[in-house]
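Architecture at a glance
The residues making up each chain are set out below.
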Amino acid sequence: MSRKGKIGCIAAVGIVLLVLLAEVFVFNANGRRYGSYQEVFRLDGSDSRVEIHLQEFTSELDEQTAEDLRYQEEMNRLYYELLGAEYESTLEDTLTVIDGKTYKTVQQAVIHIRLDESRYIRQLQFTYPVDESRYANYGVEAKFYRDGELLNDYLMYDTINSRLDTGYMNVNLEADEIELETYGDFGFDGTGVTVGIENRVQFNWYRVIFLIGSGLLLLFLLLAKELYMRRLEVVFAVVSLWFGCSMVVLVGCNQSGWDEHIHFLKAYEASFGSTIETPEAAMGMRGKYSPGFESLTEREAVTEYLRENDDLEKADISYQSRFIGYSTRAYLPQALFLLLGRMLKLPFDLQYMLGKLGNLLFYTVMLALAIRLAKTGKKFLAVLGLMPTPLFLASEYTYDAFITAFLFLGFILWLNELLSEEKMTWYSGFLMMACFVAGSWSKQIYIFMILLLCFLPARKFRDKKSMLLFKGMTVAVMLLILYSIFSAPGAAKNLAISVGVDYDFSTAGDRRVQGVSMMGQIQYILANPLSYAVLLLKSIAKTALKYTFGRYPWLDLAYCGILPGAFSAVTAAILLLAGLVRTGEESALTVKPLYKGLLAFMIFGVVCVIWTSLYGTYSVVGASAIDGVQARYYIPLMLPFLYLFGNNRLRFRWSSEWYYRILFVGISLLNIYGIYENILKTTML
């Protein structure tokens, strides 16, 4: 074995030993120091250490929250219809509409628990067994005191799902008094209700494996040398699969992505033929009422619930066309792995994670292929593809990863043709078109990127006739995709209804926002073109930096949280290093100024379309601000954006290996921090 190999083996063994020692002596220090115990308090009035005060108050709800509550009620009703039971709704009894505003009456119990002595509380359990037909969730806010001083000046809140009866809250504080405030739709009844506190040593294998794997990955990136220049796609695949699989496993069956229940519904239906079988476990996921977890103990309870309620013999039966609609095809990788999970007879929780794994594998393979094929700018693909937000999107139920993968590949194929002196083949042209079309199935606004094909130079074609035919077909395909927005075939209509978008062009808009009308907004823009142009340009300019180099498109992990603002400097440094600086061994091929201008115009045009489409579907008519635009919508445009910076002047003075080490280690550290702080630490400790 070489000296480098021996050093690597020693370092790997050191990483494993260091993590194991940290798990025992650091992460479980309080368990060892304070000892194990478990204590339970009854809230039925029999425990003298417990005082309960009941009260009622009314709170105003925004329209989105009220709509979510009504959606939840409808899902509960369908669930009980599936079980053949009658559902007793209490929602409308607690809602009041006054002057167009919705108010909700909340029953609250304030519970004070005095401990016999100061105790280190690792975890708190709140058990409230109640008839499921009465409600879906019950909320509890906790405050902890020692010597009269509040210990947690931050919100500690847990939701007890009626399908589990018990909520588990990670505390990790030493206290002598506990105050709990409950939030529910009905009067508090302490019968059978208990509060438990405990401390114990708990070896967390999820944390151990994640830290060991991440340490070994960093070691691999530091020791890798020729792979960076020869097989960059291999390095990309290793990093992508490790962090992506970590998110798949650690997030588990929590629905933490944007509108994940809707995306799961489409993938789940696509995994069947004409007959869809939906057991209770899947019904809860698609209806967004399945319990989630915020601790290892709660994860075990959720897993048990999902496995017990995955009986296809008691499933709801529905039917659909065997033909998969164009807007559903982006879910095929997820659907195929869901089907594989059922064929292997895996438990439902593993089926759910396997579906997300299908999304990740497709994303990784497609981007690795694009990196392999790219004649220049391979590092752009690797850097963008490994940022935390794109990887998170690839590790959840969503169509974003499918869109990004195809648009990136389509752009690389176009760029390869542009940089090549050879004639374009018919299959190359077809493949480019197919990539842009597939990347626009679910978000048609990106179809304008296909117009890049119309600017391929005449030297790429055999004659003028073939050039005109190809470019005419390109425009026709674009118009056909745009037409599909307004014709809205069945699959698109169904998706629109599920996400609350009205596809009737005369009234089109997001139904969750009052005062929205696509037609009304178009009329307003045509009547006030200058005012809208100013609003559009100001909106784009105001968000330009934070939607490109800041943390919002790169470090946002949806409902898991977003990395701190200070990390914006890190993302900007990584992107600028990749975009502006090249190594001595890197290909000198760059995009000519004329085509840089074309790319800049295309990017600006699509950005304008993004903002305008949201102004029409998510903003009230004549609004003075454009609502609904999210930074992740910019991700597919960032690859051509980085090519604008390409130059042959700025060189990295150190070795090429260190250039790539800085890029990949930097991105890996972002992922490690984001996954540990926002996913593992909040749900798995």
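Rules used in this analysis
Residues numbered from 1 in each chain as written. Predicted model: local features only at pLDDT ≥ 70, side-chain atom pairs only at ≥ 80, totals over all residues. Heavy atoms only, no water. Helix = DSSP H or I, 4+ residues; strand = E, 2+ residues; numbered from the N terminus. Buried < 20%, exposed > 50% of the residue type's maximum accessible area, 1.4 Å probe, protein only. Contact = heavy atoms within 4.5 Å. Salt bridge = Lys/Arg side-chain N within 4 Å of Asp/Glu carboxyl O. Patch = residues over 30% accessible without salt bridge, like charges linked within 9 Å, V, L, I, M, F, W, Y side chains within 5 Å. Areas by Shrake-Rupley, 256 points an atom, 1.4 Å probe, with all protein chains shown as cover. Lys, Arg positive; Asp, Glu negative; His and termini not counted. Charge placed at Lys NZ, Arg CZ, Asp CG, Glu CD. pLDDT = per-residue confidence, 0-100. Polar contact = N/O pair within 3.5 Å; in protein donor to acceptor, adjacent residues only side chain to side chain. Pairing = 2+ DSSP bridges. Axes fitted to C-alpha atoms, helices over the stretch in contact; angles between N-to-C directions. Parallel < 35°, antiparallel > 145°, perpendicular 65-115°, else oblique. Left-handed = near helix turned anticlockwise from the far one by under 90°. Phe/Tyr/Trp six-rings, centres within 6.5 Å; stacked < 30°, edge-to-face > 60°.

**As for the overall build of the chain**
Check the secondary structure of the chain and you find 24 helices and 13 strands. Residue burial in the chain is summarised as follows: out of 685 residues, 55% are buried. A separation of at least 24 residues holds for 79% of the contacts in the chain among residues at least 6 apart in sequence.

**As for the pattern of salt bridges**
Across all of its chains, the model carries 19 salt bridges by this definition. The residue Glu39 makes a salt bridge to Arg49 at a minimum N-O spacing of 2.6 Å. In this pair, Glu39 sits in strand β1 (residues 37-42) while Arg49 sits in the loop between β1 and β2 (50-61), placing the two residues ten residues apart along the sequence. Residue Asp349 pairs with Arg307 through a salt bridge whose shortest N-O separation is 2.8 Å.

**Some thoughts on unusual backbone geometry**
The phi dihedral of Asp147 falls on the positive side, at around 55°, and the residue is not glycine. Residue placement: Asp147 occurs in the loop between β5 (137-146) and β6 (149-150). In this structure Asp147 comes out as exposed when scored by relative accessible area, which is 71%. In this structure, Lys345 takes a positive phi of about 60° despite not being glycine. With respect to the helices, strands and loops of the structure, Lys345 is situated in the loop between α11 (332-343) and α12 (348-373).

**A few points about a negative patch on the surface**
Together, Glu60, Asp62, Glu67 and Asp68 line one region of the surface with negative charge. Of note, Glu67 is situated in helix α3 (residues 63-83). Since its relative accessible area comes to 37%, Glu67 is described here as partly exposed.

**Quick look at the confidence of the model for the chain**
This prediction gives the chain a mean pLDDT of 86; 89% of its residues lie at or above 70. Taken element by element, the chain is modelled with least confidence in helix α18 (residues 490-499), mean pLDDT 38, and with most confidence in helix α14 (residues 388-394), mean pLDDT 97.

**Re the side chain of Thr398**
Note that Thr398 resides in the loop between α14 and α15 (400-419). Given a relative accessible area of 3%, Thr398 falls into the buried group. A polar atom in the side chain of Thr398 sits 2.5 Å from the side chain of Asp400. Residues contacting Thr398, with those up to four places away along its chain left out, are His263, Tyr331, Gln334, Asn359 and Leu393.

**Topic: the pairing of strand β10 (residues 275-278)**
For a regular strand, side-chain orientation follows a simple rule: the groups alternate between the two sheet faces. Only one face of β10 is buried: it carries Ile276 and Thr278, and the other face, with Thr275 and Glu277, is open. As defined by bridge partners, β10 adjoins strand β11 (residues 316-319) across four bridges and the pair is classed as antiparallel. For Ile276, the partnering residue across the bridge sits in β11 and is Ser318.

**Structural notes on the packing of helix α13 (residues 378-386) against helix α21 (residues 568-580)**
The contact between α13 and α21 brings their axes to 9 Å, and the two run at 165°. Comparing the axis directions of α13 and α21 gives the class roughly antiparallel. The two elements α13 and α21 meet at a crossing, and its hand is left-handed. Here Lys379, Phe380, Val383 and Leu384 of α13 come into contact with α21, specifically with Ile574, Leu575, Ala578 and Gly579.

**Remarks on the packing of aromatic side chains**
Inspection of every chain in the model, using the stated rule, returns 34 aromatic pairs. Ring centres 5.4 Å apart and planes at 35° place the aromatic pair Phe264 and Tyr268 in the tilted group. Of the two residues, Phe264 and Tyr268 both sit in helix α8 (residues 260-270), four residues apart, roughly one turn of that helix. Both residues of the pair, Phe264 and Tyr268, belong to the buried class. Relative to Trp654, the ring of Phe652 lies with its centre 5.8 Å away and its plane at 80°, an arrangement referred to as edge-to-face.

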